[in-house]
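# Close look at the chain arrangement
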Amino acid sequence: MIITVAAFKGGVGKSTTALHLATYLQTQVDTLLVDGDLNRSTLDLANRGELPFKVCDQKEGIELAKLYEHVVIDTPTKPNAKELKTLLMGCDLLVIPSTPDAMALSATLSMVYALPYHKVNYRILLTIVPSNPNNVGEEAKNTLKNAGFPVFKSQIRRLAVFQRAALEGIPVNAIKDSYAQIAWRCYTEVGKEIIDLVLE
């Protein structure tokens, strides 16, 4: 299974999503994360911390991908039309992370409209969603669903533990913090949805 994570706007949790989806998939079978983000943030994390899966750049990814059951690809922010078409070749699912604010949702819809005309299996993931009683996440999800866009049932909550884990160079499920399991549950639920969508 090849999962591509892409967004037209920075700051929406794209690399965090790629990292945690790879962490979840690694609990099932060997998983490779290809870091195509220009910042190389996941490669940086792998070099200074400890990740439970293999991380490489695009050049290495061409050779290594065939050795892994699952591949997660973290992409540059706002790929152009040619890059987008290349990224989607052989992709089983495109995950588009977006915060629930108007600017991010507008960029997300721009990306959806820029997808090639042939059928692309994609789903929008709402990230950095404020906790209750703020219901902006549910409102955004309902608006997208009512407009006919595919959206993950699960959402990624806005939790400081994600930043703490990144500073330590580890996924959130490896950190000792009372909110770590809540944060990790967000991504395990998304991971289960992906497996249901793609493999069943």
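Residues numbered from 1 in each chain as written. Predicted model: local features only at pLDDT ≥ 70, side-chain atom pairs only at ≥ 80, totals over all residues. Heavy atoms only, no water.

An unreviewed UniProt entry annotates the protein chain as Chromosome partitioning protein, ParA family of Richelia intracellularis HH01.

### Some thoughts on helix H4 (residues 81-88)
Taken together, the buried positions of H4 are occupied by Leu84, Leu87 and Leu88. Taken down its axis, H4 places every buried residue within 95 degrees of arc, on the same side. The exposed set on the far side of H4, more than 90 degrees from its buried face, consists of Lys82, Lys85 and Thr86. Those residues of H4 that are buried are in contact with strand E1 (2-5), strand E4 (70-74), strand E5 (93-98) and helix H5 (102-114). Between a side-chain oxygen at the N-terminus of H4 and the backbone nitrogen of Lys82 the separation is 3.1 Å; the capping residue is Asn80. (Buried < 20%, exposed > 50% of the residue type's maximum accessible area, 1.4 Å probe, protein only. Helix = DSSP H or I, 4+ residues; strand = E, 2+ residues; numbered from the N terminus. Arc of directions from axis to C-beta. Contact = heavy atoms within 4.5 Å. Polar contact = N/O pair within 3.5 Å; in protein donor to acceptor, adjacent residues only side chain to side chain.)

### Quick word on the layout of surface pockets
Counted as a void, the largest pocket has a volume near 460 Å³. The residue makeup of the lining of the largest pocket, split by class, is 10 nonpolar, six polar and two charged. Ser15, Thr16, Phe162, Gln163 and Ala166 are the residues nearest the centre of the second largest pocket, which is lined by 22 residues in total. Looking at the lining of the second largest pocket, the elements with two or more residues in it are helix H1 (14-26), helix H2 (41-48) and helix H7 (161-168). The element contributing the most residues to the lining of the second largest pocket is H2, with five residues. Its residues placed into classes, the lining of the second largest pocket shows 10 nonpolar, eight polar and four charged. (1 Å grid on protein atoms, 1.4 Å probe; cavity = no way out; pocket = protein on both sides within 12 Å on 5 of 7 lines; lining within 4 Å. Points joined across faces, edges and corners; volume = space filled by probe spheres on them. Nonpolar A, V, L, I, M, F, W, Y, C, P; charged D, E, K, R; others polar.)

### Observations regarding the pairing of strand E2 (residues 31-35)
The buried count for E2 comes to five of five residues, which makes it a mostly enclosed element. Across the two faces of E2 the burial is the same, with Thr31, Leu33 and Asp35 and Leu32 and Val34 all buried. Pairing of E2 with E4, which is carried by five bridges, proceeds in the parallel orientation. The residue bridging Leu33 from the neighbouring strand is Val72, located in E4. Two elements, E2 and strand E3 (residues 54-56), share three bridges in a ladder whose sense is parallel. Residue pairing across strands places Val34 opposite Cys56, the latter belonging to E3. (Pairing = 2+ DSSP bridges.)

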